[in-house]
Amino acid sequence: MSHHGKGPYKLEVRALTLELEGDRILDGVEMGIQEGESFCILGGSGAGKSMLLRTVVRLHEPSSGEILLDGRAVSDLAPSDLRRRVNLVQQSPAMLDGTVEDNLMFGLDLTGVPPGEAKVRAAEALTVAALDPSFIDRRADKLSEGERQRVAIARAHALRPEVLLLDEPTAALDPRRTHEVERAILDLKKASTLTLVIVTHDIEQARRLGDRTILLRRGRVVAEGDSSTLLEDLDPGERARYMGELEQWHGEVKEGDACE
Ligand SMILES: Nc1ncnc2c1ncn2[C@@H]1O[C@H](COP(=O)(O)OP(=O)(O)OP(=O)(O)O)[C@@H](O)[C@H]1O
Ligand SMILES: [Mg+2]
């Protein structure tokens, strides 16, 4: 795959390969994301989207290739430094025991934000994540999956990372909540130099949220371009494969979803 937009990049991935238990999960992935850009990673189930994000924050050690933050290898950064600068909201985010406030305050406290400012940030983060202020006292273990996802976004945003990685941020949400979270993501994007990387299986969401998008398939980047024209620019074979994967995905969701 040819190389992408213009540098210098906030976050750059070069020839990234990840092998686990003999399987090649990521295969020569290249991506370059500029500061303040909103970048989408699109692909069907099992394409390697989550593993790519997880590898960027070094939850997995790449087999080969490079990951650069502001031109510096992330492997050279202290883990605490990397965690502070690049924050991953996982697909099924884990919550700490206790209240939503405990969850929001924990990381702020850990990174030395004074309690007064931490409270302000926590309250603001709830608003950004489209959660009512009353959520602050809710018990984290009693939240729905969608609410948990939004608390996780709030928790990440409160820490003011330079790069925010969101893995399927709306997969567990109904259309109204999806709209609210997308609104929040667009607000985040507007208001700051924050660099956003959003994993999605939904081309329409990529169009709404992303400046540029790559399409991942079996651990490889098979297309890359402007989010609004990516699909039209695909060669017909690749487009058909992508649409097929998508149909399969929707099928899986419908089977497991009694409410729809
Ligand atoms: N710990 C692991 N060891 C070996 N293989 C793994 C591991 N975790 C994931 N995989 C495999 O890596 C591939 C990519 O998985 P990944 O979770 O990145 O897919 P995805 O694109 O995020 O899919 P989804 O849309 O379903 O979340 C899959 O084939 C998966 O089975
Ligand atoms: Mg995933």
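Residues numbered from 1 in each chain as written. Chains lettered and ligands numbered in written order. Predicted model: local features only at pLDDT ≥ 70, side-chain atom pairs only at ≥ 80, totals over all residues.

**Concerning the sheet that holds strand S5 (residues 72-73)**
Using the following cut-off: Paired strands, as defined in this entry, are two strands with at least two bridges between them according to DSSP. Here a helix means four or more residues in a row that DSSP labels H or I, a strand means two or more in a row labelled E, and each is numbered from the N terminus. Any two residues are considered in contact once their C-beta atoms, placed from the backbone, lie within 7 Å. Axis definition: a line fit to C-alpha positions, over the contact stretch in the case of helices; interaxial angles, taken between N-to-C directions, run 0 to 180 degrees.
Pairing is antiparallel in the open sheet, where four strands are placed in the order S2-S1-S4-S5. A strand with exactly one partner marks an edge of an open sheet, and here the two such strands are strand S2 (23-33) and S5. One ladder, built from eight bridges, connects strand S1 (residues 11-20) with S2; its direction is antiparallel. The partner of Leu20 across the bridge, within S2, is Asp23. Here helix H1 (residues 49-56) sits on the sheet and contacts S1, S2 and strand S4 (64-69); the angle it forms with S2, its principal contact strand, is near 65°.

**Brief notes about the sheet that holds strand S6 (residues 86-89)**
Two modes of strand pairing occur in sheets, parallel and antiparallel, and in both the strands are linked by backbone hydrogen bonds. Strand order in this open sheet of six strands is S6-S7-S8-S3-S9-S10, and the pairing throughout is mixed. Edge positions in the sheet fall to S6 and strand S10 (220-226), since each of these pairs with one other strand and no more. Neighbouring strand axes in the sheet, compared pairwise and without regard to direction, differ in orientation by 15° on average. Taken together, the four bridges between S6 and strand S7 (residues 163-167) define a ladder with parallel strand orientation. Considered in S7, the bridge of Val86 is made with Val163.

**Quick notes on the pairing of S10**
Two strands pair when backbone bridges link them, and strand S9 (residues 212-217) and S10 are joined in this way by six bridges, in the antiparallel orientation. When the sheet's bridge partners are listed, Thr213 is paired in S10 with Gly225. Where S9 folds back on S10, the antiparallel hairpin that results is connected by two residues, among which Arg218 adopts a positive phi of roughly 45°.

**What to know about the confidence of the model for the protein chain**
This is how it is decided: One confidence number per residue, pLDDT, is output by the predictor and ranges from 0 to 100.
The share of residues in the protein chain with pLDDT of 70 or more is 92%, and the mean pLDDT across the chain is 89. Contacts for the low-pLDDT stretch residues 254-260, under 50 throughout, to residues beyond four places or in other chains number one contact.

**Focus on the site of ligand 1**
This is how the line gets drawn: Near, as applied to residues and a molecule or strand, means the residue's backbone-placed C-beta atom lies within 6 Å of it. Ten residues, namely Ala, Val, Leu, Ile, Met, Phe, Trp, Tyr, Cys and Pro, are considered nonpolar, four, namely Asp, Glu, Lys and Arg, are considered charged, and the remaining ones, Gly among them, are considered polar.
Contacts to ligand 1 come from 14 residues, most closely from Leu20, Ser45, Lys49, Ser50 and Met51. Looking at the shell around ligand 1, the elements with two or more residues in it are S2 and H1. Here the shell around ligand 1 takes three residues from H1, the largest share from any one element. Taken together, the residues of the shell around ligand 1 sort by class into four nonpolar, seven polar and three charged.

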